[in-house]
Amino acid sequence: MLIALFTIMILGGSSTATLAFIADTQDSVKIVMVKDDRQKEALSTLKAMKKRTNARNKHLKRASKGIYKVLRQDVINTADIDAIWTGYFAEIDQYDHDMLDLRWELKEHINREEWEEIFSGD
Amino acid sequence: MSDRTLSLKSAMLFAAIACAVAGCASKDDVSPADVEKQAFEDLRTEIRAVIDDPAREGEAIALVNELSEDLNALREKIGQRRQRVRELNADYDTTRADFEAYFDKVDREIRWNKRQVSEKHREFLTIMTPDERSAIAKTHSKARDAAIRNIQTI
């Protein structure tokens, strides 16, 4: 338990993909938007967001496994942990950047009224 | 409280979880927080059983207590971040600079958290011998296994 605890604490939790929820709004988009080319484009962008989040989750899984493996060793090399963490942190930054790009792409397909209705629960 | 009493308590807690999952929930339902609390208690019991030196045992228990508090604080912080990002996103007029400023703030928090946890991990390595760490890592309890699954979703 201690090793699992240190692993997740070092990574700062596994739910750092804070923009991932946007990709889960396909159903709302289908309800709120008229079925036309704009809706098609919006759904395509949401699909891209989902794909990017999945790639990010795979990266997290690899980092988590890597740190767990290092922490299980009798002699622990903290430089190994730092190297994994640095790679993971860079991925968090890149993920946020990519998701913001996709969010702005999504806004090009959705007008203000639709946006407010789709995200009214937030 | 004896080890046997704690083990029984842990087993009863797990039975209650299984019951809740099976649909026989009652007013005595066990929450994930209860499971985690029991898991940390099991961990403290194991530390007491494995470390013979009272001074180091005390240090290890104190460290586990701190980690438990840190875990709760991290969970709360992540909840706040999710909520804030949802608020920013819901506002059609939020600028990219608003998002980036918030993510920069979160990045600083993540870096600070890493330094703090690394420091505690170094402390942990100096308190326990490799054999003691290995002995604790090998033991399992149902509450601890359930808590690990909870922790991994934070």
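Thresholds applied
Residues numbered from 1 in each chain as written. Chains lettered and ligands numbered in written order. Predicted model: local features only at pLDDT ≥ 70, side-chain atom pairs only at ≥ 80, totals over all residues. Helix = DSSP H or I, 4+ residues; strand = E, 2+ residues; numbered from the N terminus. Contact = placed C-beta atoms within 7 Å. pLDDT = per-residue confidence, 0-100. Domains from an automatic or database assignment. Nonpolar A, V, L, I, M, F, W, Y, C, P; charged D, E, K, R; others polar. Axes fitted to C-alpha atoms, helices over the stretch in contact; angles between N-to-C directions. Parallel < 35°, antiparallel > 145°, perpendicular 65-115°, else oblique. Left-handed = near helix turned anticlockwise from the far one by under 90°. Expected span 1.5 Å × (residues − 1). Core = buried A, V, L, I, M, F, W, Y, C linked by C-beta atoms within 7 Å. Buried ≥ 20, exposed ≤ 12 C-beta atoms within 10 Å, placed from the backbone.

1. Remarks on the overall build of chain B
Okay, step 1: Within chain B, the regular secondary structure consists of six helices and zero strands.
Okay, step 2: Going residue by residue from the N terminus, the α and β elements of chain B occur as α-α-α-α-α-α.
Okay, step 3: Of the contacts made within chain B by residues no fewer than 6 positions apart, 70% connect residues no fewer than 24 positions apart.

2. Details of the confidence of the model for chain A
Okay, step 1: The predicted model of chain A has a mean per-residue pLDDT of 93, with 100% of residues at 70 or higher.
Okay, step 2: Ranking the elements of chain A by mean pLDDT puts helix H1 (residues 2-11) of chain A last, at 89, and helix H5 (residues 112-118) of chain A first, at 97.

3. Focus: the domain arrangement of chain B
A common way to state how big an interface is: give the accessible area lost once the parts meet.
Residue and element names in this part refer to chain B.
Okay, step 1: Domain assignment breaks chain B into domain 1 (1-51 + 140-154) and domain 2 (53-127).
Okay, step 2: Listed by partner, the interface residues are eight residues for domain 1 and eleven residues for domain 2.
Okay, step 3: Across the side of domain 1 that touches domain 2, the residue classes break down as six nonpolar, no polar and two charged.

4. Observations concerning the packing of H1 of chain A against helix H3 (residues 37-72) of chain A
All names here are of chain A.
Okay, step 1: At a minimum axis distance of 9 Å, the contact between H1 and H3 shows a crossing angle of 130 degrees. Taken together, H1 and H3 sit at an angle that is classed as oblique. In the crossing of H1 with H3, the sense of the turn from one axis to the other is right-handed. Of the residues in H3, those touching H1 at Ile3, Phe6, Thr7, Ile10 and Leu11 are Ala63, Ser64, Ile67, Tyr68, Leu71 and Arg72.
Okay, step 2: A class-by-class count of the residues in the contact of H1 with H3 yields eight nonpolar, two polar and one charged.

5. Describing helix H4 (residues 96-127) of chain B
Okay, step 1: With 32 residues, H4 of chain B should cover 46 Å at 1.5 Å per step; its first-to-last C-alpha distance of 46 Å lies within 8% of that length.
Okay, step 2: Here the buried face of H4 of chain B lies against H1 and helix H4 (78-107) of chain A together with helix H3 (54-90) of chain B.

6. Thoughts on the nonpolar core
Okay, step 1: By size, the foremost hydrophobic cluster in this structure holds 53 residues, and its most contacted members are Leu5, Met9 and Ile10 of chain A.
Okay, step 2: For this core, the secondary structure elements donating two or more residues are H1, H3 and H4 of chain A together with helix H2 (32-50), H3, H4 and helix H6 (142-151) of chain B.
Okay, step 3: At nine residues, the largest contribution of residues to this core is made by H4 of chain A.
Okay, step 4: Mapped onto the domain boundaries, this core takes at least three residues apiece from domain 1 (1-51 + 140-154) and domain 2 (53-127) of chain B.

7. Focus on the interface of chain A and chain B
Okay, step 1: Of the residues lining the interface, 32 residues belong to chain A; the matching set on chain B comes to 36 residues.
Okay, step 2: Among the elements of the structure, H1, H4 and H5 of chain A are those that each provide at least two residues to the side of chain A that touches chain B.
Okay, step 3: Looking at which element gives the most residues to the side of chain A that touches chain B, the answer is H1 of chain A, with eight residues.
Okay, step 4: Of the residues in the side of chain A that touches chain B, the class split is 19 nonpolar, six polar and seven charged.

8. Observations concerning the environment of Ile151 of chain B
Okay, step 1: Here Ile151 of chain B lies in helix H6.
Okay, step 2: Once you skip the residues sitting within four places of it in the chain, Ile151 of chain B turns out to touch Ala4, Leu5 and Ile8 of chain A together with Leu71 of chain B.

9. Notes on H1 of chain A
Residues that lie three or four places apart on an α-helix share one face, since the helix turns once every 3.6 residues.
All names here are of chain A.
Okay, step 1: A large share of H1 lies buried, amounting to eight of its ten residues.
Okay, step 2: Taken together, the buried positions of H1 are Leu2, Leu5, Phe6, Thr7, Ile8, Met9, Ile10 and Leu11.
Okay, step 3: At the exit of H1 stands Gly12, carrying a positive phi of roughly 75 degrees.

10. Some thoughts on the packing of H3 of chain B against H4 of chain B
Residues and elements named next belong to chain B.
Okay, step 1: For the pair H3 and H4, the least separation of the axes is 11 Å and the interaxial angle reads 170 degrees. Relative to H4, the element H3 is oriented roughly antiparallel. Within the contact between the two elements, H3 uses Arg56, Glu59, Ala60, Leu63, Glu66, Leu67, Arg81, Arg84 and Leu88 and H4 uses Asp98, Phe99, Tyr102, Val106, Lys120, Glu123, Phe124 and Ile127.
Okay, step 2: Considered class by class, the residues forming the contact of H3 with H4 number nine nonpolar, no polar and eight charged.

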